[in-house]
Amino acid sequence: MLKGNLSEFPLGTLIQTLAAAGRSGVLVVSPPWIEGRVALRSGGLYAAHAGAREGWEALELLAGLPSAPFIFDDTLPLPPEPNLALPLEAALARILAVSDHWAGLTHLPADWRLSLALSRKSGELKLTPVMLQVLGLVEGRTIARILEEAEAAPVEVAKALDRMLAEGVLVLRAPSEMRSETLVALSFYGKETGVAYVDEALYREWAKLLPGAFGVRVKSPRGQEAVFKVRPRADIPGRIMLHDKDLRRLRAGRGVKLNVHPELRKGG
Amino acid sequence: MNVMEWIDQINGWVWGFEMMLVFLAVGLYLTVRTGFIQFARIGIIFRETLGAIRERALGSGGDVSPFQATMVALGATLGSGNIIGVASAILIGGPGAIFWMWMAGLVGMATKFAEAVLAVHYRRQFADGSVSGGPMYYIARGLGMPWLGALFAVFAAIAAFGIGNVVQVSAMAGAFENNLGVPPVWTGLFAAILVAYALAGGIKRIAAFAQVLVPIMIFLYLAIAIAALITHASGIIPAFVSIFQAAFTPQAGFGGAVGVTAKEMIKAGVGRGIFSNEAGLGSAAIAHAQAQVDHPVRQGFWGAMEVFIDTIVINTFTALVLLSVGSWMRGGKPFDVLLGSFSSLGPAKSLMAVVLILFVFTTLVSWAFYGEEAATFLFGEGIRWPYRLAYVVVAFVGGLGSFSALIRLSDTMNGLMAIPNLIALVLLGGVVARLTRGFFSGEPCLPPE
């Protein structure tokens, strides 16, 4: 049994390693929004599935995951029918090429659980057939579902989504289940109350997921709750900095674990 | 005049009365520059330190938590000065000396606050995330005077072998031999093995030792002191009264200190206060620089708290025991007076021996780290293991002989450390003030240019 994460072992490298060892078994890739399976038989690619995608398209979709836990299990049964007929070398070369395309998509968020919506923004964008296809699917669906269900190849769908996000044709909709964080309170002093500082990396992640201006709802262990403006600050991982007075209002203090939920601000 | 006479002459200057006035003057200057931080922000100092003990690391720089860094610093600071030094101060300067010791402590809180702030602000961060800091770095990087920083490092690297090592091991060997009948060679071996084990793990293992041992020894000592005070509870209020009365009427005469002049009283109190809390010497800043903290001022609070615990808490308890029991009035050697004061507890000798051994061991390990950091500043990373080896060897032989020349030399070097450090504290007082203002305005700290 081999375990890891695609952020450390990209899909192409992983398949290459397993193939070189002549392994048989099933590689199960499990991001929270889809399950992907790549079956190998005696070091050769045998079959691949990712949600509704099969064969090469499934591999193409899985190659777009920058991070996801995986397990290679050689006791799992192989699918009854193969759906990958590509020679190994050619398949690996294609996976690497596709991975490069995925890496170039800067507007598509890493979290494919997010939904998309058409924006009200007007402007000119020459729509391609893939874009038109995507626009027909987009309303209310998550990125993962669009990538799975569109007729075009996953990487082409992803490119279309990326372009339309960049042009503002599509916007990310606040997910109904934005994950709360447990952060340790740290005090700051000065005149400005009502502001929360979080680590730059967390702020960037939230900014990517939320389509507009956002704040944080902070709950203390004693049940007090308040909403704060949020700003990034360097070098405070795992922390939320609140003004000393705000911390007291929350009946909390430095070192107390607070539940922090990011949410869109009204009018944002 | 031979070399040792020269050293003794310098020793007289660096530990003399005039130098003490310089310590106080620098502390007062920093008190003003920081907006009387130790008084105006005392609540915040408590909340940010003792109120946040349960917290672990903050920020990404540094190797140990702010609490661990402070325990390493306190491990070096707490020592015989808190027990025997206080007895000496009372025997020389009378009860009034304690008042001046408090004054030195209160002023020293600002000094050590500034040292810790500068140590974190100007520390050097390496690619692997580890850091090095202390006066040598803030002198070199903050003042742009690497030669003066190197001078501090030379003093610290040599001082570590004497006051941090030989003095401590010989005290431990004496305590073991007198109370338990253990030959000094075994004590030396025991000390060398423990120090070797602690040093081999670097600052993380030293901090792991300190964060357990230092609180234990503080609570153990306070428990012993409180027990002694309970048996002499009627003497506590008169003890306080005698401190304040004698502070302003030094000629009034108090037992062993009859005819004490104001100068002698202030010198005894301030001198022993500085010797005890080490504010101004710069040594503790080397430990504070290791803290994982988001803002230098936050570690500065720990610096101030370190002095508070040392001088205002522990020294006060020692003084109250001595004064409420009253055995100091008969005079005598400081350690004997001390033992006499605790004799109501029964196994006083054994208890004090245990406390002294703990004080000595933590000082030994913390000073090893100070010396190693200073040597690394001078010679680079390659010196770490040779320095550790030399330190372990000296710890082994430390209990076997008197090594009076080495002790005199290192004591002088310890005093000399204050000169470059105090210069830097004065010249960088503006930086401390700016960082403090920035912290209390909610601004993030930007690294120095």
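Sequence order as written defines residue numbering, which begins from 1 separately in each chain. Starting at A for chains and at 1 for ligands, labels are handed out in the order in which the entities are written. Only residues with pLDDT of at least 70 get local features here, since the model is predicted, and only at 80 or more are side-chain atom pairs given and counted; chain-wide, interface and lining totals rely on the full set of residues.

Student: What am I meant to see in the overall build of chain A here?
Tutor: Secondary structure summary: chain A contains 8 helices and 14 strands in total. Considered along the principal axes of its C-alpha atoms, chain A spans approximately 65 × 50 × 25 Å. Per-residue burial over chain A gives 36% buried out of 268 residues. Residue pairs at least 24 apart in sequence account for 76% of intrachain contacts in chain A once pairs closer than 6 positions are excluded. Comment: elements are numbered from the N terminus, with helices defined as DSSP H or I runs of at least four residues and strands as E runs of at least two. Once C-beta atoms are placed from the backbone, each residue is buried if 20 or more other C-beta atoms lie within 10 Å of its own, exposed if 12 or fewer, and partly exposed for counts between those two. Contact criterion: two residues are in contact if their C-beta atoms, reconstructed from the backbone, are within 7 Å.

Student: Help me understand helix H15 (residues 296-325) of chain B in this model?
Tutor: Along an α-helix, a turn takes 3.6 residues, which lines up residues three or four apart on a common side. All names here are of chain B. For H15, with 30 residues, the first-to-last C-alpha span of 43 Å sits near the 44 Å given by 1.5 Å per residue. Its axis deflected by about 30° at Thr316, H15 carries its strongest bend there. For H15, a buried count of 27 out of 30 residues is recorded, marking the element as mostly surrounded by other parts of the structure. At the C-terminal side of H15, Gly326 shows a positive phi close to 85°. Under the convention used throughout, the expected extent of a helix is 1.5 Å for every residue step, that is, one less than its residue count. The angle separating two fitted axes, one through the seven residues that finish at a residue and one through the seven that start at it, defines the bend at that residue.

Student: Sorry, what's going on with the domain arrangement of chain A here?
Tutor: Many structure descriptions define interface size as the accessible area lost when the parts assemble. All names here are of chain A. Domain boundaries in chain A define domain 1 (2-103), domain 2 (115-173) and domain 3 (181-264). For domain 1 versus domain 2, the separation of C-alpha centres amounts to 26 Å. Every contact between the two is made by 12 residues of domain 1 and, on the other side, 10 residues of domain 2. Boundaries between domains were set according to an automatic or database domain assignment.

Student: When you look at the sheet that holds strand E10 (residues 195-199) of chain A in this model, what are you seeing that I'm missing?
Tutor: Sheet strands pair by backbone hydrogen bonding; their relative direction is either parallel or antiparallel. All names here are of chain A. Here 6 strands make up a closed barrel; going around it, the order is E9-E13-E10-E12-E11-E14 and the pairing mixed. Shown here is a sheet whose adjacent strand axes are inclined to one another by a mean of 45°, direction ignored. Sheet topology places E10 next to strand E13 (residues 239-243); 3 bridges connect them, and they run antiparallel. Among the inter-strand pairings, Ala196 is bridged to a residue of E13, identified as Leu242. Two strands form a pair only when DSSP identifies at least two bridges running between them. To get an axis, a line is fitted to the C-alpha atoms, and for a helix only the part in contact is used. The angle between two axes follows their N-to-C directions and goes from 0 to 180 degrees.

Student: Help me understand the environment of Ala116 of chain B in this model?
Tutor: Secondary-structure assignment places Ala116 of chain B in helix H7 (residues 96-121). Apart from the residues lying within four places of it in its own chain, the contact partners of Ala116 of chain B are Ala285, His288, Gln299, Gly300, Trp302 and Gly303 of chain B.

Student: Any chance you could explain the sheet that holds strand E1 (residues 2-5) of chain A here in plain terms?
Tutor: Residue and element names in this part refer to chain A. Strand order across the open sheet formed by 6 strands is E1-E6-E2-E3-E4-E5, with antiparallel pairing between neighbours. Of all strands in the sheet, those with a lone pairing partner are E1 and strand E5 (53-54), marking the two edges. The sheet contacts of helix H2 (residues 55-62) involve strand E2 (25-29), strand E3 (36-41), strand E4 (44-50) and E5, and relative to E4 the element is tilted by about 75°.

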